[in-house]
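# Structural overview for review
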Amino acid sequence: AIGAAAVAPQSVAPANGGLEAHRQGAFGPAFPWPVIPIHMVLLPDGRIMAYGTDLLGRQGASLHYVVWDPALGSAPEAMLQLANTTRSDIFCAGQLLLPRTGDVLLLGGDEYAAGDPEVGIADMNVFNPASNVMTRQPQKMAFRRWYPTLVTTGGGEQVILGGRINIVRSNGQVFEAIREQNPLL
């Protein structure tokens, strides 16, 4: 409203971390989240993308993801709730910030087949922080992966290793080879 007093965001910083807070850290106050944030990634602009459940706290393909802006405090307005429209269950996916673009690469996830929540998927998704949109990529990984590890090499390649892949062998993959087909990688 015009002329209304601005309300300062509720701080998430510790009120008093003590004399050693600069060395030991300190916890701020607890505050509610719209999802259970099992997975989190710090975005280049200081916001945090988190996911893990739907808005009712259930694991599964119907989950949502949240982009939290700590500068806005802990009020509901600081949490941008977004539906996962990729048809990929990103629960148990590995995530990595792509250094060239600032996008988030999400690989693998959870199929939850026949009641077994530990079956990986081969899906590749990219979250664009500028648009707050997650997009499923057309290509798939060579193996289905559940809780994989992603790293960026010194040469800028993204490597995915491990994760439960539902087969006896465990091979890594390097995604440099598809960069020309998909400039996001």
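Above this note sits the structure.
So, a few notes on the structure that sits alongside this text.

What counts and how
Every chain's residues receive numbers from 1 upward, in the order its sequence appears when written. The predicted origin of the model limits local features to residues at a pLDDT of at least 70 and limits the giving and counting of side-chain atom pairs to 80 or more, whereas totals for whole chains, interfaces and linings rest on all residues. Processing note: side-chain calculations cover all non-hydrogen atoms of the structure and skip hydrogens and water entirely. Starting at the N terminus, helices and strands are each numbered in turn, a helix being any DSSP run of H or I of at least four residues and a strand any DSSP run of E of at least two. The definition of a polar contact used here is a pair of N or O atoms within 3.5 Å, where within protein one atom must be able to donate a hydrogen and the other to accept one, and adjacent residues in sequence count solely through side-chain atom pairs. Here, two residues are considered to be in contact whenever any of their heavy atoms come within 4.5 Å of each other. For two strands to be treated as a pair, DSSP must find no fewer than two bridges joining them. Axes, fitted as lines to C-alpha atoms, cover a helix only where it is in contact. Angles between the N-to-C directions of the axes lie from 0 to 180 degrees. Burial classification: accessible surface area is computed with a 1.4 Å probe over protein chains only, and a residue below 20% of its type maximum counts as buried, one above 50% as exposed, and the rest as partly exposed.

What follows covers the side chain of Gln158. Relative to the elements of secondary structure, Gln158 occurs in strand E10 (residues 158–161). Polar side-chain contacts of Gln158 include one of 3.2 Å to the backbone oxygen of Gly156.

Attention now moves to the environment of Cys92. Assignment of secondary structure puts Cys92 in the loop between strand E4 (79–83) and strand E5 (94–97). As a C-alpha pair, Cys92 and Ile121 span 29 residues in sequence and 9.6 Å in three-dimensional space. Not counting the four nearest positions on each side in its chain, Cys92 is found in contact with His39, Gly109, Asp110, Trp146, Tyr147 and Pro148.

Reading across from one edge, E1-E2-E3-E4 is the order of the four strands in this open sheet, with antiparallel pairing throughout. Two strands bound the open sheet, and with one partner strand each, they are strand E1 (39–42) and E4. Within the sheet, the average angular offset between the axes of one strand and its neighbour, ignoring direction, is 20 degrees. Where strand E2 (residues 48–51) and strand E3 (residues 64–68) come together, four bridges link them in antiparallel fashion. Residue pairing for E3: Ala50 is matched across the bridge by Val66.

Take the pairing of E1 next. Side chains of E1 alternate between two faces, with His39 and Val41 buried and Met40 and Leu42 left unburied. The antiparallel pairing of E1 with E2 creates a hairpin that spans five residues between the two strands, and Gly46 there sits at a positive phi of about 95 degrees.

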